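Chains, contacts and geometry: an overview
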Amino acid sequence: GIYTLVLGYLSFFFMPVDFGLNAIAVKHLLSTDRSSQKVFGNLLGLRLLIGVVVTTIALAIAWMLPHNSLTNTGYSNEVKIGILIQSITILAQAILATTNAFFQANHKYKYAFIANVCSAILNTVIIALLITSGFPLLYALASFSISAIVGACTALNINKKHMHKITILTDKAYWKELLTETLPL
């Protein structure tokens, strides 16, 4: 039940990080009059900002959610700690989604696959070790966060080989353009 509460709660906060930005970003990455460095860097910057804001909101709301210790209903401290641990995946997903836009625009889907496989293999190994060693659920949630970070870093490193340099950009005019074009989606 704790696992379901943590993931169910956080699932609402993954959506704003995606926000349909890849559909527009891929179009911009394919455009000959736009620098892929600029598009990627700004998409990464915007997504990280949204990710930090959304994660902060998710954590603030989580700490205010009620728990009844007599009936053991609601959001216990263990659930809230699980949310804290698992919330890191929101930022990892922001990075992974951004790299996926670049891979999609360049028809390099295999690189997204490689990053996801690295993450999944690591998570499977850690979870198997945790289960056989009898560790509690919070450690499994940490495993998901660690493997998500590894997947995001793997994708960034693969992306870096193709872009040569990854920079987080904060061109507010371009961010506004991206968000305006994404709004109908």
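Provided above is the structure to which this section pertains.
These notes cover the structure that comes with them. These numbers were taken from a predicted model, which means no experiment stands behind them.

Moving on, we get to the nonpolar core. One finds Tyr-9, Leu-10, Phe-13, Ile-83 and Leu-178 to be the most contacted residues of the largest nonpolar core, which totals 30 residues. Considering each element in turn, this core owes the most residues, eight residues, to helix H3 (residues 36-64). In this structure Phe-13 touches Val-54, Ile-57, Ala-58, Ile-61 and Ile-90, once residues within four positions along its chain are discounted. By size, the runner-up hydrophobic cluster in this structure holds 16 residues, among which are Ala-92, Phe-103, Tyr-111 and Ala-155.

Our focus in this paragraph is the packing of helix H5 (residues 88-105) against helix H7 (residues 137-163). With their axes 9 Å apart at the nearest point, H5 and H7 run at an angle of 30° to one another. Here H7 runs roughly parallel to H5, going by the angle between their axes. In the crossing of H5 with H7, the sense of the turn from one axis to the other is left-handed. Contact with H5, carried on its side by Ile-88, Thr-89, Ala-92, Ile-95, Leu-96, Thr-99, Phe-102 and Phe-103, involves Phe-144, Ser-145, Ala-148, Ile-149, Gly-151, Ala-152, Ala-155, Leu-156, Ile-158, Asn-159, His-162 and Met-163 of H7 and no other residues of that element. A breakdown of the residues in the contact of H5 with H7 according to their chemical character gives 14 nonpolar, six polar and no charged.

Unlike most non-glycine residues, Phe-19 shows phi in positive territory, near 55°. Within the element layout of this structure, Phe-19 appears in the loop between helix H1 (2-18) and helix H2 (21-30). Exposure remark for Phe-19: the relative accessible area of 35% places this residue in the partly exposed category. With a phi angle near 55°, Asn-72 is a residue other than glycine that sits in the positive phi range. Among the structural elements, Asn-72 can be located in the loop between strand S1 (67-68) and strand S2 (73-74). The exposure class of Asn-72 is exposed, given its relative accessible area of 60%.

How each quantity is defined
- Residues numbered from 1 in each chain as written.
- Predicted model: local features only at pLDDT ≥ 70, side-chain atom pairs only at ≥ 80, totals over all residues.
- Heavy atoms only, no water.
- Core = buried A, V, L, I, M, F, W, Y, C linked by side-chain atoms within 4.5 Å.
- Buried < 20%, exposed > 50% of the residue type's maximum accessible area, 1.4 Å probe, protein only.
- Helix = DSSP H or I, 4+ residues; strand = E, 2+ residues; numbered from the N terminus.
- Contact = heavy atoms within 4.5 Å.
- Axes fitted to C-alpha atoms, helices over the stretch in contact; angles between N-to-C directions.
- Parallel < 35°, antiparallel > 145°, perpendicular 65-115°, else oblique.
- Left-handed = near helix turned anticlockwise from the far one by under 90°.
- Nonpolar A, V, L, I, M, F, W, Y, C, P; charged D, E, K, R; others polar.

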